[in-house]
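# Chain and residue survey
The lines below spell out each chain.
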Amino acid sequence: MDREETRKNKLIKRESAVSMGTAIEQTSVDWRGRPCKPNKHGGMTAAIFVLCLQAFEMMGIAAVGNNLITYVFNEMHFPLSKSANIVTNFIGTVFLLSLFGGFLSDSYLGSFWTMLIFGFVELSGFILLAVQAHVPQLRPPKCDMMLSKGQCMEAKGYKAMIFFVALYLVALGSGSLKPNIISQGADQFKKDDSKQSKKLSTYFNFAYFAFCTGELVALTLLVWVQTHYGMDVGFGVSAAAMALGLISLLCGTVLYRNTPPRGSIFTPIAQVFVAAITKRKQICPSNLEMLHGSQFIVPQQNLSGMSSKGSTLIHTDKFRFLDKACIKIQDGSSTSESPWRLCTVSQVEQVKILISVVPIFACTIIFNTILAQLQTFSVQQGTTMNTRLAHNFKIPPASLQAIPYIMLIFLVPLYEIAFVPMTRKFTGKDSGITPLQRVGIGLFIATFSMVCAALVENKRRNHALNQNRTLSIFWIAPQFLIFGLSEMFTAVGLIEFFYKQSLEGMQSFLTAMTYCSYSFGFYLSSLLVSLVNKITSSSSSGSGGWLNDNDLNKDRLDLFYWLLAALSLVNFFNYLFCSRWYSYNPSLLPVAPLPEPQPQGHDPENPN
């Protein structure tokens, strides 16, 4: 009897350690709010419905975003510069709003209800765009912007209002959906369970495969529909794709494992900083037991021999000044301190994790700046090249963006089937290589994309100026292919990294940081172009700068690409430093399963 009680006490103590730690395991619930059953809820079966939403939503938003400038310029008659700003502001807003969607999901609504609500918001935006594109009274009179020399009537008043309302309904819906699609699918697997860790890594690869599939269909089939049947039909197809995605989401309702919201995710973080600043003059004790909420704390240096690190809160030595938020003031009174003056070690360790991931996030901004060039200047390169594939068929330069996705449709499954099992044998990691290693490989490869782009542009420019020849558009395909390969490593690795290092209640918000990196990358691209033009124009006598002319034969786009290649290489070495400095929080590592209960009368610690 004593032995049985001893075994139960050990289990209770272990469970208490988990609850006092980072709260890495929280009861998941079904759609009715009841605790989930392992054999009924979650798993890849449930994740498939989310992956379908990912593919269909990507089809709809990519078809609108990639061809939006055509509609804004030709149908709404905004000037070219203003049209370009409308498109870039729209794309940037989509990515920035992902932070709002992640916060709303983690704090108040949960991923499922956030996706459902904002999915219908995005659908309503698509429908409103289709209606406006179909009804002539909702658009300015028809006019050829290329021939009228600025005499076309620009959309104003209620016509412009309808357009911007529709456009930003799409942005609000898509931005709020993106991080929750990833986190909802990943929540179907227990990231702290070593048995499901392999499936979780597989899910992230499948999520990127769904993304590539949706993007490829949008860049080929849907853009072709818009070109041949009109933008109203194109917007309508985007609405139909979004509707199919929502139907897929609803079909999996009874199978989902849902993570309940936990209230504002920023309040506990703010409390740590306020308490640490308030007690900044205090001295951090060397004895961890003097910190508030340290009953089950294990120092990081005492991890050796632990069979299950994931079940215990690990105290880390980084950012020790934050530990001051856990110091108890001994003034002889029995009055407890306010949560804004005294925090638990668990809260502090959560904030330490958030601070630690910021440098990793920052290292991916240059990567997305390169992506912005491929979607702008590289496409402009294609317009100056020979686009003829056959006698009566020309390749639209914008369709070059489909090249990496065609490749990735084959590479992503190959990565999962061949590369991961092979590297797993050498590394022992469930995902073959760690997420940080995967991001690093992608950042390194991205440099060669810009090197290739610079060499091709130099060759194209020399042929145009010196030989009066036009190169085939296929010369710029390699830079898209190389970047597509780098994106397979960086994009998936970053999402996996943020999700696995996130704490319960913050998965969607941290996942949203991946999309926020896209936004910062595009904004940095605009800033970099302006800065380069300003510097090079002042240093070159009478010249307008590398990128100041509308004629690529007069610009020096090749030099700009070399600059980006250099920045990318410097960024890669900076990433090596940041990733070596970063250490995975042991509290978030997979949990080894508890040993099976021994038969009564047998004590594993005393076999005799």
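Every value quoted in this text rests on a predicted model; they were computed, and no experiment measured them.

Quick notes on the rules
Residues numbered from 1 in each chain as written. Predicted model: local features only at pLDDT ≥ 70, side-chain atom pairs only at ≥ 80, totals over all residues. Heavy atoms only, no water. Helix = DSSP H or I, 4+ residues; strand = E, 2+ residues; numbered from the N terminus. Contact = heavy atoms within 4.5 Å. Areas by Shrake-Rupley, 256 points an atom, 1.4 Å probe, with all protein chains shown as cover. Axes fitted to C-alpha atoms, helices over the stretch in contact; angles between N-to-C directions. Parallel < 35°, antiparallel > 145°, perpendicular 65-115°, else oblique. Left-handed = near helix turned anticlockwise from the far one by under 90°. Phe/Tyr/Trp six-rings, centres within 6.5 Å; stacked < 30°, edge-to-face > 60°. Buried < 20%, exposed > 50% of the residue type's maximum accessible area, 1.4 Å probe, protein only. pLDDT = per-residue confidence, 0-100. Salt bridge = Lys/Arg side-chain N within 4 Å of Asp/Glu carboxyl O. Core = buried A, V, L, I, M, F, W, Y, C linked by side-chain atoms within 4.5 Å. 1 Å grid on protein atoms, 1.4 Å probe; cavity = no way out; pocket = protein on both sides within 12 Å on 5 of 7 lines; lining within 4 Å. Points joined across faces, edges and corners; volume = space filled by probe spheres on them. Nonpolar A, V, L, I, M, F, W, Y, C, P; charged D, E, K, R; others polar. Domains from an automatic or database assignment.

Next up on the list: the overall build of the protein. Summing up its helical and strand segments, the protein has 17 helices and 4 strands in all. A separation of at least 24 residues holds for 82% of the contacts in the protein among residues at least 6 apart in sequence. Counting only carbon and sulfur atoms, one obtains 63% of the accessible surface of the protein, whose full area is about 28000 Å².

So, on to the packing of helix α10 (residues 345-362) against helix α17 (residues 557-581). Following both chains from N to C, one finds α10 and α17 inclined at 160°, their axes separated by 9 Å at the closest point. Between α10 and α17, the angle falls in the class roughly antiparallel. When you trace α10 past α17, the crossing you get is left-handed. Residues Ser356, Pro359 and Ile360 of α10 touch α17, and the partners they reach there are Tyr575, Cys578, Ser579 and Trp581.

Moving on, we get to the packing of aromatic side chains. In total, this model carries 26 aromatic pairs according to the counting rule given. Arranged with centres 5.8 Å apart and planes meeting at 50°, the rings of Phe112 and Tyr256 form a pair that is tilted. Taken together, the residues Phe112 in helix α4 (residues 111-134) and Tyr256 in the loop between α8 (231-251) and α9 (266-278) connect sequence positions 144 residues apart. Consider the rings of Phe497 and Phe498, whose centres lie 5.5 Å apart with planes at 50°: the pair is tilted. On the accessibility criterion, Phe497 (1% relative accessible area) is buried. The buried category is assigned to Phe498, whose relative accessible area is 1%. In textbook terms, an aromatic cluster arises when at least three aromatic residues are bridged by ring pairs, as seen for Tyr71, Phe78, Phe163, Phe164 and Phe235.

We now examine the confidence of the model for the protein. Chain-level pLDDT for the protein is 79 on average; 82% of the residues reach the 70-or-more range. Within the protein, helix α1 (residues 2-20) has the poorest average pLDDT of any element, 43, and α4 the best, 93. Considering only residues more than four positions removed or in separate chains, one finds that residues 5-25, a stretch of pLDDT under 50, has 41 contacts.

Turning next to the pattern of salt bridges. Any two side chains of opposite charge can pair, given that their charged atoms come close. Enumeration according to the criterion identifies 8 salt bridges in this entry. A salt bridge links Arg34 to Asp30; its shortest N-O distance comes to 3.1 Å. Residue class for Arg34 comes out partly exposed when judged on its relative accessible area of 41%. The salt bridge partner of Glu457 is Arg460, with a shortest N-O separation of 2.9 Å. Highlighted residues: Glu457 and Arg460, both in helix α14 (residues 435-466), separated by 3 residues, approximately one helical turn. Arg460 gets classed as buried once you look at its relative accessible area, which sits at 3%. Through salt bridges with shared partners, a single network forms among Arg320, Asp323, Glu349 and Lys352.

What follows is about the environment of Phe419. Mapped onto the elements, Phe419 comes out in helix α13 (residues 403-427). Taking the C-alpha atoms as reference points, Phe419 and Gly432, separated by 13 residues in sequence, lie 7.5 Å from one another.

Turning our attention to the nonpolar core. With 148 residues, the main nonpolar core has Phe163, Tyr203, Phe204, Tyr208 and Phe560 as its most contacted residues. Broken down by element, this core gets its largest block of residues, 14 residues, from helix α2 (residues 43-74). Other than its neighbours up to four places away in sequence, Phe163 contacts Leu68, Tyr71, Val72, Met76, Phe78, Ile86, Leu129 and Gln132.

In this section: empty space enclosed by the protein. In this approach, a probe sized like a water molecule rolls over the atoms, and the result shows the empty space that is left. Scanning the entire structure with this criterion turns up 4 cavities of 30 Å³ or more. Taken as a whole, the second largest cavity encloses approximately 70 Å³ of empty space. Here the lining of the second largest cavity is composed, by residue class, of 2 nonpolar, 8 polar and 2 charged. Residue-level mapping places the lining of the second largest cavity at the junction of two domains, with at least three residues from each of domain 1 (34-261) and domain 3 (358-585).

Residue placement: Thr369 occurs in helix α11 (residues 365-375). Judged by its relative accessible area of 1%, Thr369 is buried.

Next up on the list: the environment of Phe235. Among the secondary structure elements, Phe235 is positioned in helix α8. Each C-alpha atom, one on Phe235 and one on Gly60, is 8.0 Å from the other, the two residues being 175 residues apart in sequence. Each residue touching Phe235, except ones within four places of it in the same chain, is listed here: Val64, Tyr71, Phe126, Leu129, Ala130 and Ala133.

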